[in-house]
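A look at the structure
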Amino acid sequence: MLKPNRFEGTPLVDPAEFRRCMRTVPGAVAVITCGEPGDRTGLTATAVCSLTDAPPTLLACVNGSASAHPVIRRTGRFAVNILSEADLDVAGRFAGRDGIKGEDRFEGLACTQAPGGAPILAEALASFDCILEAEHRYGTHSVFIGRVLSAATDPTRPPLLYLDGRFGTFAEDAARAASR
């Protein structure tokens, strides 16, 4: 483990340049959900990945200012729902693009309650029901490590991706660009 001040004095990349470069890295789009019926919340995230399969574990990076952050800490439970291209509106809703918050983000969505207690989006491309194993704070975010209790997928649906500040499939964009 690195000591926090091991590289003290080493110049760092400008944060704006870092964000500009990271926008070129495509990622799957996930909605992290948590809470009890009537008091649920969630957020759209791209900083989610598998950690290990023995035991099945994943990590999710959540901003400390997100409404889901204290709920995950308090309940010790969360779900990761990977979105398909049909879920573009869901991605925007949980990203806060329409101003809807908390329980209202679930309005009109088919949800189930996972065995671990977190809400699962029934139409997700894949879903992972997690219990919180560990939390590591770093800067503005927490890295939540979740032990996966159950998982399900519908592999017939194409994934939704995030690139350069927008959601989409991007295959069509690449084909159009190649034909120019």
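Fair warning: this is a prediction, and the values are worked out from it, not measured in the lab. (Residues numbered from 1 in each chain as written. Predicted model: local features only at pLDDT ≥ 70, side-chain atom pairs only at ≥ 80, totals over all residues. Heavy atoms only, no water.)

1. Observations concerning the side chain of T57
Secondary-structure assignment places T57 in strand β5 (residues 56–63). Among the polar contacts listed, one links the side chain of T57 to the backbone oxygen of P55, at a separation of 2.7 Å. Look past the residues within four positions of T57 in its chain and what remains in contact with it is S50, L51, T52, I145, G146, R147 and V148. (Helix = DSSP H or I, 4+ residues; strand = E, 2+ residues; numbered from the N terminus. Polar contact = N/O pair within 3.5 Å; in protein donor to acceptor, adjacent residues only side chain to side chain. Contact = heavy atoms within 4.5 Å.)

2. Here we look at the UniProt feature "domain: Flavin reductase like" (unreviewed entry) in the protein
The feature "domain: Flavin reductase like" (unreviewed entry), as annotated in UniProt, sits at residues 22–169 in this numbering. Segment residues 22–169 splits into 11% helix and 50% strand. End C-alpha atoms: 18 Å apart. (UniProt positions renumbered as here; feature names shortened; annotations may be inferred.)

3. Looking at the sheet that holds strand β1 (residues 27–28)
Spatial strand order, β1-β11-β12: 3 strands in an open sheet with antiparallel pairing. Bordering the open sheet on either side are β1 and β12 (166–168), each of which pairs with just one other strand. Two strands pair when backbone bridges link them, and strand β11 (residues 161–163) and β12 are joined in this way by 3 bridges, in the antiparallel orientation. Bridge assignment links Y162 to a residue of β12, and that residue is F167. (Pairing = 2+ DSSP bridges.)

4. As for a nonpolar patch on the surface
The grouping of V13, F18, M22 and V25 at the surface amounts to a nonpolar patch, some 370 Å² of accessible area in total. Mapped onto the fold, V13 is located in the segment before α1 (15–22). Residue V13 is classed as partly exposed on the basis of its relative accessible area of 49%. (Patch = residues over 30% accessible without salt bridge, like charges linked within 9 Å, V, L, I, M, F, W, Y side chains within 5 Å. Areas by Shrake-Rupley, 256 points an atom, 1.4 Å probe, with all protein chains shown as cover. Salt bridge = Lys/Arg side-chain N within 4 Å of Asp/Glu carboxyl O. Buried < 20%, exposed > 50% of the residue type's maximum accessible area, 1.4 Å probe, protein only.)

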